[in-house]
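In case you want the letters, here they are:
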Amino acid sequence: MSTLQLSLAIIGGLLLALIVAYNTWTSRRNAPKRALPPESEHAAEPTLRQEPGFDAGAAAAVSPGEFHGLDRGPEPSEHAVNADDALQLPVPPFSPDRRPGLDPLIDVIAPLQPEHVVSGDAALAVLPPTRRAGSKPFAIEGFNVATQHWEMPAPGQRYQNFQAGVQLANRMGALNEIEYSEFVVKVQAFADAINAAPDFPDMLQEVARARELDQFASDHDAQLAFMLRARQAAWSPGYVQQNAARLGFVAGAMPGRLVLPASSQGLPPQLTLGFDTQAALAEDPDQSAIRDITLSLDVAQVHRTEQPFARLREVAVALCDAMDGVLCDQNGTPLPAMAMDPIAADLELLYDQLDGRDLSAGSVLARRLFS
């Protein structure tokens, strides 16, 4: 073999090695980021605590989260609304100002006067099989002889009066004539079974009231959604879940859905984080590439004392820092930090308007109306 042939062979080998190395580097660079194993995550904590300039005692007194980018909220200088200060405010347990039953503010209520006291077992036996009239929920309550309170009929109890109600509006729209007629038919059948005389309100007046309430609800229904988009490498489902879990998110009822629980048990979540359902259900989730996730807040479902929008801003900043992402609107357009301040001001006005209508965000009535 001549010197030229040998040189060409060496050059060819080097080029082939460079091509293989470049392809390997590109594949690793573009592969979805994976969640760290638990042992790796714990092993990294001592390094994070060993900040220069702090002695061992000071370092031990500071929690790892204060040095970890995942737990860092927005800087006070970046936002007019200080999310960190808002989150430090004590959140009182939210107690609804109205009982969780029928209410004339959002329900059509028809009294039913039976000829004699009715047992709870008898009432349950003749209740309508469905609890909806069209797209509107309805219910039948009894006035308990012993407790002197309205409640859903229960076995072993006795009731001297009943009332039936159907909701005037929800996110499906206002109560219409067909739905009202279906409500009347179902209630009349129940009344006949317990020998009661129903007193139905005028249909046209109630339908008009439903349209007015639906218009108010439509004008004051705020559901905020922001997109967090990967700058470079995509994310795997496990990577998203691991970073979200550090901020308090837990798995939701559906694949690809995480929720930040409310401060009180039984209330709707403060925030929802969602990503591609197919990626969450993939046989090998580590190979599923997620380019963006959605962070959303249903304003009417969460009480204002929870400071949900301030929490959303903190979570968005923390996730973007930890996952190398950028905050965007629903169309994928990047949002500067200052764009969030007008939204916070508008939300305060919205909260005041809902309070003025006795439909405070997070209350039982608001959760029913905006559902």
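Residues numbered from 1 in each chain as written. Predicted model: local features only at pLDDT ≥ 70, side-chain atom pairs only at ≥ 80, totals over all residues. Heavy atoms only, no water.

K.L.:
Could you clarify how one ought to interpret the environment of Ser119 in this entry?
P.N.:
The topology assignment puts Ser119 in strand β2 (residues 118-119). The exposure class assigned to Ser119 is partly exposed, which follows from its relative accessible area of 31%. In this view, Ser119 contacts Gln157, Arg158 and Tyr159; residues no more than four positions away in its chain are not counted. Only 3.1 Å separates the side chain of Ser119 from the backbone nitrogen of Ala122, close enough to count as a polar contact. (Helix = DSSP H or I, 4+ residues; strand = E, 2+ residues; numbered from the N terminus. Buried < 20%, exposed > 50% of the residue type's maximum accessible area, 1.4 Å probe, protein only. Contact = heavy atoms within 4.5 Å. Polar contact = N/O pair within 3.5 Å; in protein donor to acceptor, adjacent residues only side chain to side chain.)

K.L.:
What exactly am I supposed to notice about the side chain of Gln270 here?
P.N.:
Take Gln270: it is sitting in the loop between β12 (257-260) and β13 (271-274). What makes Gln270 buried here is its relative accessible area of 11%. For Gln270, the side chain forms a polar contact with the main-chain oxygen of Pro261, separated by 3.2 Å. Ignoring anything within four residues of it in the chain, the contact list for Gln270 reads Leu260, Pro261, Ala262, Ser263, Leu297, Val302, Glu306 and Arg311.

K.L.:
Hey, could you run me through the pattern of salt bridges in this one?
P.N.:
Pairing is possible between side chains that carry opposite charge, provided their charged atoms lie close to one another. By the definition in use, this model includes 14 salt bridges. The partner of Arg171 in a salt bridge is Asp221, with the nearest N and O atoms 2.8 Å apart. Of the two residues, Arg171 sits in the loop between β7 (169-170) and β8 (173-174) while Asp221 sits in the loop between α7 (203-219) and β10 (223-230), which places them 50 residues apart along the sequence. Among the residues examined, Arg171 registers a relative accessible area of 30% and is labelled partly exposed. As a salt-bridge pair, Glu177 and Arg211 come within 3.6 Å of each other at their nearest N and O atoms. Within this pair, whereas Glu177 is found in helix α6 (residues 177-193), its partner Arg211 is found in helix α7, the two being separated by 34 residues in sequence. Exposure remark for Glu177: the relative accessible area of 30% places this residue in the partly exposed category. Through salt bridges that share partners, Arg304, Glu348, Asp352 and Asp355 make up one connected network. (Salt bridge = Lys/Arg side-chain N within 4 Å of Asp/Glu carboxyl O.)

K.L.:
I tried to follow the pairing of strand β4 (residues 136-144) on my own but got confused; where do I start?
P.N.:
Two faces make up the sheet, and in a regular strand the side chains alternate between them. Counting buried positions along β4 gives eight out of nine residues, so the element sits mostly inside the fold. In the sheet, strand β3 (residues 132-133) pairs with β4 via two bridges, with the strands oriented antiparallel. Bridging across to β4, Ala133 finds its partner in Lys136. The hairpin turn running from β3 into β4, its antiparallel successor, is two residues long, and Gly134 in that turn takes a positive phi close to 70°. In this structure, β4 lies alongside strand β6 (residues 158-167), joined through seven bridges in antiparallel fashion. (Pairing = 2+ DSSP bridges.)

K.L.:
Hey, could you run me through the state of the cysteines in this one?
P.N.:
Note: disulfide means a covalent bond formed between the sulfur atoms of two cysteine side chains. The final tally for this structure, using the stated rule, is zero disulfides. Cys328 provides the cysteine sulfur closest to Cys320, a residue in no disulfide bond, and the two sulfurs are 7.9 Å apart. The class of Cys320 is buried, set by a relative accessible area of 13%. (Disulfide = S-S within 2.5 Å.)

K.L.:
Which parts of the structure should I look at to understand the confidence of the model for the protein chain?
P.N.:
Low-pLDDT stretches of the model should not have their predicted coordinates read in fine detail. Overall, the prediction assigns the protein chain a mean pLDDT of 83, with 76% of residues at 70 or greater. Within the model, the stretch residues 43-98 combines pLDDT values under 50 with 66 contacts to residues more than four positions away or in other chains. (pLDDT = per-residue confidence, 0-100.)

K.L.:
Explain the nonpolar core here, please?
P.N.:
What tends to happen in soluble globular proteins is that the nonpolar side chains get buried as a cluster. Residues Phe162, Phe183, Phe249, Leu273, Ile293 and Phe309 are the most contacted members of the largest nonpolar core, which totals 74 residues. With eight residues, helix α10 (residues 308-323) is the single largest residue contributor to this core. (Core = buried A, V, L, I, M, F, W, Y, C linked by side-chain atoms within 4.5 Å.)

K.L.:
Help me understand the packing of aromatic side chains, please; the structure alone is not making it clear to me.
P.N.:
To describe a pair of aromatic rings, one takes the distance between the centres and the angle between the planes. Applying the stated criterion across every chain yields a total of six aromatic pairs. Aromatic ring contacts, followed pair by pair, group Phe138, Tyr180, Phe183 and Phe200 into a single cluster. When the ring centre of Phe216 is taken as reference, the NZ or CZ atom of Arg357 above it lies at 4.6 Å. (Phe/Tyr/Trp six-rings, centres within 6.5 Å; stacked < 30°, edge-to-face > 60°. Lys NZ or Arg CZ within 6 Å of the ring centre and 35° of its normal.)

K.L.:
I would appreciate a short explanation of α10 in the present structure.
P.N.:
Helical periodicity: at 3.6 residues per turn, an α-helix aligns residues three or four positions apart in one direction. Relative to the 22 Å expected for 16 residues at 1.5 Å per residue, α10 spans 22 Å between its end C-alpha atoms, a close match to the ideal helical length. For α10, a buried count of 13 out of 16 residues is recorded, marking the element as mostly surrounded by other parts of the structure. Downstream of α10 by one or two residues, Asp324 has phi in the positive range, about 55°. (Expected span 1.5 Å × (residues − 1).)

K.L.:
Looking at this model, I keep getting lost on the sheet that holds β12. Mind explaining?
P.N.:
One key point about sheets: their strands pair by backbone hydrogen bonds, in either a parallel or an antiparallel sense. Pairing within the open sheet is antiparallel, and its six strands lie in the order β11-β12-β13-β14-β10-β15. The sheet terminates laterally at β11 (250-251) and β15 (325-328), the two strands that pair on one side only. Contacting β10, β12, β13, β14 (292-298) and β15, α10 crosses the sheet at an angle of about 170° to β14. (Axes fitted to C-alpha atoms, helices over the stretch in contact; angles between N-to-C directions.)

K.L.:
Where do I start with unusual backbone geometry in this structure?
P.N.:
Leaving glycine out, the prevailing phi sign among residues is negative, and the prevailing peptide bond configuration is trans. Phi at Gln148 takes a positive value of approximately 60°, unusual for a residue other than glycine. Structurally, the position occupied by Gln148 is in the loop between β4 and β5 (150-151). Although it is not a glycine, Asp324 sits at a positive phi angle of roughly 55°. With respect to the helices and strands, the residue Asp324 is situated in the loop between α10 and β15.

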